[in-house]
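Chain and residue survey
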Amino acid sequence: MMTIRKHSSNMYRSCRVWAVLFLWALALAGCGMWDKPPTHSVGHKNKLVGAEKGTHLRYQDPDRYTWQYPERVIKALKLESGMQVADLGSGTGYFTFRLAEAVGSSGMIYAIDIDEEMNDIVDKQAVAKQMDNVKTILAVGHDPLIPEKVDLIFSVNAYHHLKNRAEYFKNAARYLKPGGRVAIIDFREGAFRHFTKLRTMLEEFKAAGYALDKTHGILPRQNFLVFSLAKNSTTD
């Protein structure tokens, strides 16, 4: 009788341990710790946690700094004071305000997103930071609607969301100043469930009338490509 009771007690304790481990696993999954979201800024609905402070979990996760290397990216872009830049798919402004600092008060950053809530978040930050050189633009799916010609169209982790990308950037060429550039950062194949193959990006930009200027190998998870209009390309 004692042996049976002891065996039952051990089974009960074992079940309790497994139950606790199972609930702990569910909690981790719910917090996203098993699926680090490498952040992109088009189309997410889970986006309002700490939004006004620019600390949305998906976009402003401190872990992002360990692989996004924003300072290296800004340095590689070689921006100058007074430049105009379109931040395409700006989200909560992870790069927007870094770009704004790089071009100075005489420059302008157009934070472009198809999500009005995202733009509201950036607007509130711009007011709080007293940065008058940041302006949000509510774009449409086929057109960024940039209000003036810019020196650079810059996009991070949004390229894979765009439809008809060759046509999109062919049309976007009219927003570039002479000598203007397009810089695209997007996930490499295998780095995240959303990505664009390098070969695909090169083929699409060639079809859109661009030539590859430079490839930066400074990011561990993403391709970083800079394009300019090919010499035989024309804009409207």
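If you're wondering where the values come from, they're calculated on a predicted model, not measured in any experiment.

1. Some remarks on the packing of aromatic side chains
All chains considered together, the criterion is met by eight aromatic pairs. Taking the centre distance of 5.3 Å and the plane angle of 75 degrees together, the rings of Tyr94 and Phe95 count as edge-to-face. Classification of Tyr94 by relative accessible area gives buried; the value is 8%. On the accessibility criterion, Phe95 (3% relative accessible area) is buried. An aromatic cluster of at least three residues, connected via ring pairs, comprises Tyr159, Tyr168, Phe169, Phe205, Tyr210 and Phe227. Above the face of the Tyr94 ring, Arg98 is positioned so that its terminal group lies 4.5 Å from the ring centre.

2. Considerations on the nonpolar core
In globular proteins that are soluble, nonpolar side chains generally tend to be buried together. Membership of the largest hydrophobic core comes to 27 residues, with the highest contact counts inside it found for Leu77, Leu99, Phe154 and Phe224. Beyond its immediate chain neighbours, meaning those up to four positions away, Phe154 contacts Val73, Leu77, Val85, Ala86, Asp87, Leu88, Phe95, Leu99, Ala183 and Ile185. Met108, Tyr110, Ala139 and Tyr168 belong to the second largest nonpolar core, which has 26 residues in total.

3. Concerning the pairing of strand β3 (residues 134-138)
In this sheet, β3 lies alongside strand β2 (residues 108-113) in parallel orientation, the contact comprising five bridges. Bridged to Ala111 within β3 is Thr136. At this point the chain moves from β2, through helix α6 (residues 116-129), to the parallel β3, and the crossover so formed is right-handed.

4. Points about the sheet that holds strand β6 (residues 210-216)
Pairing is mixed in the open sheet, where seven strands are placed in the order β3-β2-β1-β4-β5-β7-β6. Edge positions in the sheet fall to β3 and β6, since each has one partner strand and no second. Along the sheet, successive strands turn relative to each other by an average axial angle of 20 degrees, direction set aside. As paired strands, β6 and strand β7 (residues 222-229) are joined by six bridges and run antiparallel to one another. Residue Tyr210 lies in a different strand from β7, and its bridge partner there is Leu229. Sitting on the sheet, α6 is in contact with β2 and β3, with an inclination near 170 degrees to β3. Sitting on the sheet, helix α8 (residues 198-207) is in contact with β5 (176-187), β6 and β7, with an inclination near 10 degrees to β7.

5. Quick notes on the packing of helix α7 (residues 165-172) against α8
Two elements in contact, α7 and α8, have axes whose closest approach is 8 Å; the angle formed by their N-to-C orientations is 45 degrees. Regarding the angle of α7 to α8, the classification is oblique. For the pair α7 and α8, the crossing hand works out as right-handed. Contact with α7, carried on its side by Arg165, Ala166 and Phe169, involves Thr200, Glu204, Phe205 and Ala207 of α8 and no other residues of that element. Residues of the contact of α7 with α8, tallied by class, amount to four nonpolar, one polar and two charged.

6. Structural notes on the layout of surface pockets
If you add up the space inside the largest pocket, you get close to 310 Å³. Lining the largest pocket we find 19 residues, and of these Val140, Gly141, His142, Leu162 and Tyr168 sit closest to its centre. Contributions of two or more residues to the lining of the largest pocket are made by β2 and α7. Per-element accounting of the lining of the largest pocket gives the leading share, three residues, to α7. Residue composition of the lining of the largest pocket, by class: 10 nonpolar, six polar and three charged.

7. Overview of a nonpolar patch on the surface
Taken together, the side chains of Leu198, Leu202 and Leu212 make up a nonpolar region of the molecular surface, amounting to roughly 220 Å² of accessible area. Along the chain, the position of Leu212 falls in strand β6. The class for Leu212 is partly exposed, based on a relative accessible area of 40%.

Reading guide: rules and limits
Residues numbered from 1 in each chain as written. Predicted model: local features only at pLDDT ≥ 70, side-chain atom pairs only at ≥ 80, totals over all residues. Heavy atoms only, no water. Phe/Tyr/Trp six-rings, centres within 6.5 Å; stacked < 30°, edge-to-face > 60°. Buried < 20%, exposed > 50% of the residue type's maximum accessible area, 1.4 Å probe, protein only. Lys NZ or Arg CZ within 6 Å of the ring centre and 35° of its normal. Core = buried A, V, L, I, M, F, W, Y, C linked by side-chain atoms within 4.5 Å. Contact = heavy atoms within 4.5 Å. Pairing = 2+ DSSP bridges. Helix = DSSP H or I, 4+ residues; strand = E, 2+ residues; numbered from the N terminus. Right-handed = clockwise from strand over helix to strand, strands pointing away. Axes fitted to C-alpha atoms, helices over the stretch in contact; angles between N-to-C directions. Parallel < 35°, antiparallel > 145°, perpendicular 65-115°, else oblique. Left-handed = near helix turned anticlockwise from the far one by under 90°. Nonpolar A, V, L, I, M, F, W, Y, C, P; charged D, E, K, R; others polar. 1 Å grid on protein atoms, 1.4 Å probe; cavity = no way out; pocket = protein on both sides within 12 Å on 5 of 7 lines; lining within 4 Å. Points joined across faces, edges and corners; volume = space filled by probe spheres on them. Patch = residues over 30% accessible without salt bridge, like charges linked within 9 Å, V, L, I, M, F, W, Y side chains within 5 Å. Areas by Shrake-Rupley, 256 points an atom, 1.4 Å probe, with all protein chains shown as cover. Salt bridge = Lys/Arg side-chain N within 4 Å of Asp/Glu carboxyl O.

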